[in-house]
Amino acid sequence: QRCTLRYTGGLVPDVCQQLTKKQGLFTNPTSSSSPAKLRLAFEAAPFGRIVEMAGGSTSDGTTGGSILDVKITAVDQRTAVALGSSNEVSRFNAMVLNTRQPH
């Protein structure tokens, strides 16, 4: 399968590209040396809602569940996120989070 890389580092242009092409993945994973940057209430959840309403999927970047299922507990709460086409989010969860990929 042929894949290309488009990296702007920006949530808005990358999600717009996904909606236009109807495929792709935006990720902002975290690690102990790289904390979360995106705010749940103002960035991750609103864009997650747009992507899911357009037929895509989201991941909270830790459990593999939808970003929309994460409870907002603080105004400035930061979170990991992956959003995009369902197939690519499933692949992200399988590769990064070691969850089972649906068949």
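Placed above this text is the structure.
Nothing here was measured: the structure is a model prediction, and the numbers come from that model. (Residues numbered from 1 in each chain as written. Predicted model: local features only at pLDDT ≥ 70, side-chain atom pairs only at ≥ 80, totals over all residues. Heavy atoms only, no water.)

## Details of the pattern of salt bridges
Move 1: Applying the stated rule across the entire model yields three salt bridges.
Move 2: Linking E43 and R39 is a salt bridge whose minimum nitrogen-to-oxygen distance equals 3.3 Å.
Move 3: A salt bridge links R91 to E88; the nearest nitrogen and oxygen atoms lie 3.3 Å apart. Taken as a pair, R91 and E88 lie in helix α3 (residues 86-96) at a separation of three residues, close to a single helical turn.
Move 4: By relative accessible area, which is 17% here, E88 ends up buried. (Salt bridge = Lys/Arg side-chain N within 4 Å of Asp/Glu carboxyl O. Helix = DSSP H or I, 4+ residues; strand = E, 2+ residues; numbered from the N terminus. Buried < 20%, exposed > 50% of the residue type's maximum accessible area, 1.4 Å probe, protein only.)

## A look at the pairing of strand β1 (residues 25-28)
Move 1: Residues F26 and N28 point to one face of β1 and are all buried, whereas L25 and T27, pointing to the other face, are not buried.
Move 2: By the bridge criterion, four bridges tie β1 to strand β5 (residues 81-84) in an arrangement that is antiparallel. Counterpart to L25 in the pairing with β5 is G84. (Pairing = 2+ DSSP bridges.)

## What about the side chain of N93?
Move 1: Here N93 lies in helix α3.
Move 2: Sequence-distant contacts of N93, defined by excluding residues within four places in its chain, comprise S59, G64, N98 and T99. (Contact = heavy atoms within 4.5 Å.)

## Remarks on the sheet that holds β1
Move 1: Judged by pairing direction, the sheet is antiparallel, and its three strands sit side by side in the order β1-β5-β3 without closing on themselves. In this open sheet, the two strands that pair with only one neighbour each are β1 and β3 (57-59). Geometrically, the sheet is characterised by an average inter-axis angle of 10° between neighbouring strands, direction not taken into account.
Move 2: Relative to β5, β3 is paired through three bridges, and the arrangement is antiparallel. (Axes fitted to C-alpha atoms, helices over the stretch in contact; angles between N-to-C directions.)

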